[in-house]
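Each chain, written out:
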Amino acid sequence: MAYLRPSAITKFFNGLAMRSTMWDVHTLEVARRNAAEPQRVPVIPLERDGSLFIVSTRGEADWVKNVRAAGIVRLGQKGSFEAYAATEMPADVRSDVIAASRKKAGREVNGYWKKMPDEAAHPTVRRTPS
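So, how was this worked out
- Residues numbered from 1 in each chain as written.
- Predicted model: local features only at pLDDT ≥ 70, side-chain atom pairs only at ≥ 80, totals over all residues.
- Heavy atoms only, no water.
- Helix = DSSP H or I, 4+ residues; strand = E, 2+ residues; numbered from the N terminus.
- Buried < 20%, exposed > 50% of the residue type's maximum accessible area, 1.4 Å probe, protein only.
- Polar contact = N/O pair within 3.5 Å; in protein donor to acceptor, adjacent residues only side chain to side chain.
- Contact = heavy atoms within 4.5 Å.
- Arc of directions from axis to C-beta.
- Salt bridge = Lys/Arg side-chain N within 4 Å of Asp/Glu carboxyl O.
- Axes fitted to C-alpha atoms, helices over the stretch in contact; angles between N-to-C directions.
- Parallel < 35°, antiparallel > 145°, perpendicular 65-115°, else oblique.
- Nonpolar A, V, L, I, M, F, W, Y, C, P; charged D, E, K, R; others polar.

Trainee: Kindly report on the side chain of Arg94, identifying the contributing residues and their values.
Mentor: By the secondary structure assignment, Arg94 is in the loop between β6 (80-88) and α3 (95-105). For Arg94, a relative accessible area of 3% puts it in the buried group. Within the local environment of Arg94, its side chain forms a polar contact with the backbone oxygen of Met89, the two atoms lying 3.1 Å apart. Not counting residues within four places of it along the chain, the set of residues in contact with Arg94 comprises Glu88, Met89, Glu119, Ala120, His122, Pro123 and Thr124.

What follows is the structure, given as structure tokens:
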């Protein structure tokens, strides 16, 4: 699967975003497959039909692979985290969630879809309380 690697400036702004609550940015924390320290990435979760979803705007990102392996994530803002079970949605049922997520995130993510327009290239995780 394809992956859009973030630039150095994107990594810098991601670090700032995880310290803020602007734009409904949350920090996703997941155990790494091959390191002791957890991975932390900024995400914009979407609540829909009583469930919470996270769409990987950059495609087959490392955090997606870590979620697949761990099955548990922590999600929160400004250091206050809750643990959740996480399951990847099959590609053929993601369309509505991806459309709603793109609308919520706005122009910040539109460039990723121009580079990778196939929705199947954007893994989507559904989280439920663990």
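Trainee: Mind laying out helix α4 (residues 107-115), listing which residues take part and the relevant values?
Mentor: All buried positions along α4 are accounted for by Val109, Tyr112 and Trp113. Along the long axis of α4, the arc covered by the buried residues comes to 95°, so they all point the same way. In α4, those exposed residues whose orientation departs by more than 90 degrees from the buried face are Arg107, Lys114 and Lys115.

Trainee: An account of the pattern of salt bridges is needed here, citing residue identities and associated values.
Mentor: Counting across every chain of the model gives six salt bridges. Among the ionic pairs, Arg68 bridges to Glu88, the shortest N-O distance being 2.5 Å. Pair noted here: Arg68 is in helix α2 (residues 62-70) and Glu88 is in strand β6, with a separation of 20 residues, a long-range link. Overlapping salt bridges, with partners in common, bring together Glu60, Arg68, Glu88 and Arg94 in one network.

Trainee: Which residues make up the packing of α3 against α4, and what values go with them?
Mentor: Running from N to C, α3 and α4 cross one another at 130°; their axes reach a closest spacing of 6 Å. Judged by the angle between their axes, α3 and α4 are oblique. Of α4, the residues touching α3 (which contributes Ile98, Arg102 and Ala105) are Arg107, Glu108, Val109, Asn110 and Trp113. Here the residues of the contact of α3 with α4 are counted per class, giving four nonpolar, one polar and three charged.

Any link to function would need more than the numbers given here.
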